[in-house]
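Chain by chain, the residues:
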Amino acid sequence: MAISRRKFLAAAGAAAILGPRALGAAEEERATPLVMELREAFKDGQPGVEEALRRITSDPKGVIANLGEPTRGGITKLYNDTQITILQIVWAPLMVLRPHDHNMWVSIGVYGGREDNIFWERTGDAIKPAGADSFGVGDVGSLPDDGVHSVVNPIQQLTAAIHVYGGDFFAPGRTSWAGENHDPNEFSQQGLLQHFENSNRRFNL
């Protein structure tokens with residue numbers, strides 16, 4: 001008898017299933033031109049990355065040809081070292097991510113769906129809302145090194161974007177804020193990835 005996906009995930013264990021998706025050999029070959037373009041743009045800092053992302057996401061079909069058609073929410077690591085991280089992030093339908101920082105700048109280019117951001121101002125350990133923006137296909141949004149934002153996918157379909165960080169996204173030392181009073185907590189990579197899985201299950205993805 002076939003085992004359900006949910007039971008399979010439970011049986012596999014968190015250590016086996018919770019991690020950024022790695023590209024297979026064929027996928028890596030298709031993604032290489034995009035990754036090389038962004039790494040070259042990185043030499044000009046965040047402005048160079050923003051310009052490259054605008055150029056790349058102006059052709060969403062081309063991005064899909066490089067990265068594949070998204071089928072579920074998750075994080076795919078396209079490139080990572082101590083200076084730059086390039087991720088494909090796909091938000092599940094109606095997914096909400098609570099306020100968090102990165103301790104590095106980030107630029108985000110949307111090539112499918114829509115991403116709503118609330119920007120937060122930090123005062124000590126506390127945060128308060130300081131603005132908002134909404135990004136559709138071809139739009140690029142950026143945060144500085146000390147930026148804090150929360151993210152909503154407001155539509156009932158996947159939203160896909162390329163995220164470029166000016167550092168190691170997977171390094172420790174980040175903060176997220178939760179609950180009615182936005183209490184600060186240590187940011188959890190495992191918690192983030194579990195949140196993607198939970199959000200996918202809401203829509204049987």
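In what follows, the structure referred to is the one given above.
Being a predicted model, the structure only gives us computed values, none of them experimental.

Student: For the overall build of the protein, give the residues involved together with the corresponding values.
Tutor: Within the protein, the regular secondary structure consists of 6 helices and 12 strands. A globule of 205 residues ought to have a C-alpha radius of gyration of about 17 Å, and the protein, at 17 Å, matches this closely. Oriented by its inertia axes, the alpha-carbon framework of the protein measures out at about 55 × 45 × 30 Å. Taken across its 205 residues, the protein has 42% of its residues classed as buried. Restricting the contact set of the protein to residue pairs at least 6 apart, pairs at least 24 apart contribute 75%. Summing over all exposed atoms, the protein offers an accessible surface of approximately 10,400 Å²; the carbon and sulfur share of this is 52%. If you average the places of the 19 positive and of the 25 negative side-chain charges in the protein, the two averages end up 9 Å apart.

Student: Describe the pattern of salt bridges, listing the residues and the values that go with them.
Tutor: One pass over the structure, following the stated rule, counts 5 salt bridges. A salt bridge links K43 to E40; its shortest N-O distance comes to 3.0 Å. With a relative accessible area of 47%, E40 lands in the partly exposed category. E197 is the salt-bridge partner of R72, the closest N and O atoms lying 3.2 Å from each other. Of this pair, R72 sits in the loop between α5 (60-67) and β2 (74-80) while E197 sits in helix α6 (residues 189-202), and the two are 125 residues apart along the sequence. Taking relative accessible area as the criterion, E197 reaches 10% and is therefore assigned buried.

Student: Lay out the packing of helix α3 (residues 25-41) against helix α4 (residues 45-57) with the relevant residues and their values.
Tutor: Packing of α3 against α4 brings their axes to within 8 Å, and their N-to-C directions diverge by 150°. The angle between α3 and α4 falls in the class roughly antiparallel. For the pair α3 and α4, the contacting residues are L34, E37, L38 and A41 in the first and G45, G48, V49, A52, L53, R55 and I56 in the second. Of the residues contributing to the contact of α3 with α4, the split by class is 7 nonpolar, 2 polar and 2 charged.

Student: Please provide a residue-by-residue account of the nonpolar core, values included.
Tutor: Core analysis: the biggest nonpolar cluster contains 23 residues, and L34, L38, L67, I86, I162 and V164 have the highest contact counts within it. In this structure, L97, V151, F187 and F196 belong to the second largest nonpolar core, which totals 21 residues.

Student: Account for the packing of α3 against α5, naming residues and giving values.
Tutor: Between α3 and α5, the least distance of the axes is 7 Å, while the angle of their chain directions is 140°. With respect to α5, the axis of α3 lies oblique. On α5, the residues that touch E27, R30, A31 and L34 of α3 are V63, A65, N66 and L67. By residue class, the composition of the contact of α3 with α5 is 5 nonpolar, 1 polar and 2 charged.

Reading guide: rules and limits
Residues numbered from 1 in each chain as written. Predicted model: local features only at pLDDT ≥ 70, side-chain atom pairs only at ≥ 80, totals over all residues. Heavy atoms only, no water. Helix = DSSP H or I, 4+ residues; strand = E, 2+ residues; numbered from the N terminus. Rg over C-alpha atoms; globule rule 2.2 N^0.38 Å. Buried < 20%, exposed > 50% of the residue type's maximum accessible area, 1.4 Å probe, protein only. Contact = heavy atoms within 4.5 Å. Areas by Shrake-Rupley, 256 points an atom, 1.4 Å probe, with all protein chains shown as cover. Lys, Arg positive; Asp, Glu negative; His and termini not counted. Charge placed at Lys NZ, Arg CZ, Asp CG, Glu CD. Salt bridge = Lys/Arg side-chain N within 4 Å of Asp/Glu carboxyl O. Axes fitted to C-alpha atoms, helices over the stretch in contact; angles between N-to-C directions. Parallel < 35°, antiparallel > 145°, perpendicular 65-115°, else oblique. Nonpolar A, V, L, I, M, F, W, Y, C, P; charged D, E, K, R; others polar. Core = buried A, V, L, I, M, F, W, Y, C linked by side-chain atoms within 4.5 Å.

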